[in-house]
Amino acid sequence: MKVLILGVNGFIGSTLTEKALKDTDWQLYGMDLRCDWLKDFLSNPRLTFQEGDITIHKEWIEYHIKKCDVILPLVAIATPATYVSDPLRVFDLDFAANLEVIKLAAKHKKRIIFPSTSEVYGMCQDSEFKEEESNLIVGPINKQRWIYSCCKQLLDRVIYAYGIRDSLSYTLFRPFNWIGPRLDSIDKQKKGGSRALSQFISNILYDGEIKLVDGGKQERCFTYIDDGVCALMKIIENKDDCAKSRIFNIGNPHERYSIAELAEKLLEVAVTIPQLKDKASRTKIISVPGNDYYGGSYQDTNHRVPSIENAKKYLNWQPTTGLTEAIKRTLEFYF
Ligand code: UGA
């Protein structure tokens, strides 16, 4: 099988590449702006890497869509701080650039596996989000945080419509707060430039202070990247068409924690890592208003729990790694 991965150097792309090279005989073709997370795999003859920008190198992309069996367009800005600080950049990349890829997959009748997101459910109040039943609920236009959610939702709907009209072969998967090695860079001191776990690791290193937005009572279900990628591999494999025309939440409903608990657990694990021990034991946890941290166009969701019945039933998948272990493995990767 020939697999095209756009955004191959990213968090999901690089982990998928590592596992696919190890456990399958798939031929991988990947494009990204950089290849720093791929350096151990670049010499593998089953990986063809092209440095490039999906908004510019369109000929390369169309050529490889024609050549490959499965297309994974993983390029996206996925950090909430950018949704509010630069929403049009999110629209241009996450929506417009990916729409072109989706249209090419439809034109050449190729299977597309698209990363939707837990964010599409927005502020849905269901106790568990179900792919075929839950409403997708976002705030007013002045709450720009939801632009990412809307971009992804509309692409989900476009792909679904191609599936109905043109029999486009597709699968949508929705990661629920995947965490792990290579989630974001933790190198620089930055405010809100990455997702919560990476932000907090960076806070331990450079700030001595973890900021909980609005007290950190909001909850997420954290999913270790290896569990997530295991589901993704089953989707790509598509044994007996088990993933065809389906939507899968890929998350860990049993690992549900508040953001305050995430911060506490991180500090507990960090003090056991020699390079972090001193800094972690000095790090304070404080609360800041969301409006101060992200600005007035931020809005949050207080809970987000996936139903994973589809993934259990059709992929025979369920997650196995808990939050503490996920944090431990993440810190061991970075230090
Ligand atoms: C994330 C991102 O939108 C995407 O990465 C992804 O599509 C999706 O959700 C997912 O991974 O399922 P969110 O969970 O809000 O959204 O992202 P984080 O930046 O990881 O924030 C989690 C929570 O921590 C939020 O409530 C945020 O306000 C809080 N937070 C974040 C803090 O309290 N302090 C910080 O310094 C950073």
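Residues numbered from 1 in each chain as written. Predicted model: local features only at pLDDT ≥ 70, side-chain atom pairs only at ≥ 80, totals over all residues. Heavy atoms only, no water.

Can you help me understand the sheet that holds strand E6 (residues 170-175) in this one?
Taken in spatial order, the 7 strands make up an open sheet running E3-E2-E1-E4-E5-E6-E11, and their pairing is parallel. In this open sheet, the two strands that pair with only one neighbour each are strand E3 (47-51) and strand E11 (246-250). Pairwise comparison of adjacent strand axes, ignoring direction, gives a mean angle of 15° for this sheet. (Pairing = 2+ DSSP bridges. Helix = DSSP H or I, 4+ residues; strand = E, 2+ residues; numbered from the N terminus. Axes fitted to C-alpha atoms, helices over the stretch in contact; angles between N-to-C directions.)

Explain the site of the ligand to me, please; I cannot follow it from the model alone.
Taken together, 26 residues lie near the ligand, and Tyr83, Ser118, Asn177, Tyr293 and Asp300 sit nearest. Contact between the ligand and Tyr148: an oxygen atom at 3.0 Å from a side-chain N or O atom of the residue. Within the contact set of the ligand, an oxygen atom lies 3.0 Å away from a side-chain nitrogen or oxygen of Gln218. Here the ligand, which alone exposes 710 Å², has 97% of that area covered by the protein. Broken down by secondary-structure element, the contributors of at least two residues to the shell around the ligand are helix H3 (80-85), helix H6 (196-206), strand E8 (209-213) and helix H10 (290-294). Split into classes, the residues belonging to the shell around the ligand amount to 14 nonpolar, 5 polar and 7 charged. (Near = heavy atom within 4 Å. Polar contact = N/O pair within 3.5 Å; in protein donor to acceptor, adjacent residues only side chain to side chain. Areas by Shrake-Rupley, 256 points an atom, 1.4 Å probe, with all protein chains shown as cover. Nonpolar A, V, L, I, M, F, W, Y, C, P; charged D, E, K, R; others polar.)

Quick question: what am I supposed to make of the layout of surface pockets here?
Here the idea is plain: a probe the size of a water molecule rolls over the atoms and shows the empty space left. Reported here for the second largest pocket is a volume of approximately 330 Å³. Lining of the second largest pocket is provided by 16 residues; of these, Glu131, Arg157, Tyr160, Arg174 and Ile247 occupy positions nearest its centre. Mapped onto the lining of the second largest pocket, the elements with two or more residues apiece are helix H5 (147-166), E6 and E11. A per-element tally of the lining of the second largest pocket places H5 first, with 4 residues. (1 Å grid on protein atoms, 1.4 Å probe; cavity = no way out; pocket = protein on both sides within 12 Å on 5 of 7 lines; lining within 4 Å. Points joined across faces, edges and corners; volume = space filled by probe spheres on them.)

Looking at this structure, I do not really get the nonpolar core. What am I missing?
Across soluble globular proteins, nonpolar side chains have a tendency to be buried as a group. Counting 63 residues, the largest nonpolar core has Leu72, Ile250, Leu315 and Leu331 as the members making the most contacts within it. Ranked by residues supplied to this core, first place goes to helix H8 (residues 259-270) with 8 residues. Aside from chain neighbours lying at most four places away, what touches Leu331 is Ile201, Leu266, Val269, Ala270, Ile273 and Leu276. Ranked by size, the runner-up nonpolar core spans 30 residues in total, among them Cys68, Ala105, Leu155 and Ile247. (Core = buried A, V, L, I, M, F, W, Y, C linked by side-chain atoms within 4.5 Å. Buried < 20%, exposed > 50% of the residue type's maximum accessible area, 1.4 Å probe, protein only. Contact = heavy atoms within 4.5 Å.)

Honestly, the confidence of the model for the protein chain in this entry has me stumped. Any pointers?
Close inspection of predicted coordinates is inappropriate in any region flagged by low pLDDT. The pLDDT averaged across the protein chain works out to 97; a share of 99% of its residues lies at or above 70. When mean pLDDT is compared element by element in the protein chain, strand E1 (residues 2-6) scores highest at 99, while H10 scores lowest at 94. (pLDDT = per-residue confidence, 0-100.)

Where do I start with the pairing of strand E4 (residues 70-73) in this structure?
Consecutive side chains along a regular strand alternate between the two faces of the sheet. Residues of E4 alternate between two faces, with Val70 and Leu72 on one and Ile71 and Pro73 on the opposite face, all of them buried. Bridging between E1 and E4 involves 4 bridges; their strand directions are parallel. Each residue of the ladder has a partner; that of Val3, found in E4, is Val70. Of the strand pairs in this sheet, E4 and strand E5 (residues 111-115) are connected by 2 bridges, and their pairing is parallel. In the sheet register, Ile71 faces E5, and the bridge partner there is Ile112.

Honestly, the packing of aromatic side chains in this entry has me stumped. Any pointers?
One pair of aromatic rings is described through two measures. These are the centre distance and the angle between the planes. Summed over the entire model, instances satisfying the criterion amount to 11 aromatic pairs. An angle of 40° between the planes, with centres 6.0 Å apart, marks the rings of Tyr121 and Phe176 as tilted. With Tyr121 in the loop between E5 and H5 and Phe176 in the loop between E6 and strand E7 (178-179), this residue pair connects regions lying 55 residues apart in the sequence. Of the two residues, Tyr121 and Phe176, neither departs from the other in class, the shared state being buried. Grouped by ring-pair contacts, the aromatic residues Trp37, Phe333 and Tyr334 constitute a single cluster. Over the ring of Trp146 we find Arg145, and its NZ or CZ is 4.9 Å from the ring centre. When the ring centre of Tyr314 is taken as reference, the NZ or CZ atom of Arg246 above it lies at 3.5 Å. (Phe/Tyr/Trp six-rings, centres within 6.5 Å; stacked < 30°, edge-to-face > 60°. Lys NZ or Arg CZ within 6 Å of the ring centre and 35° of its normal.)

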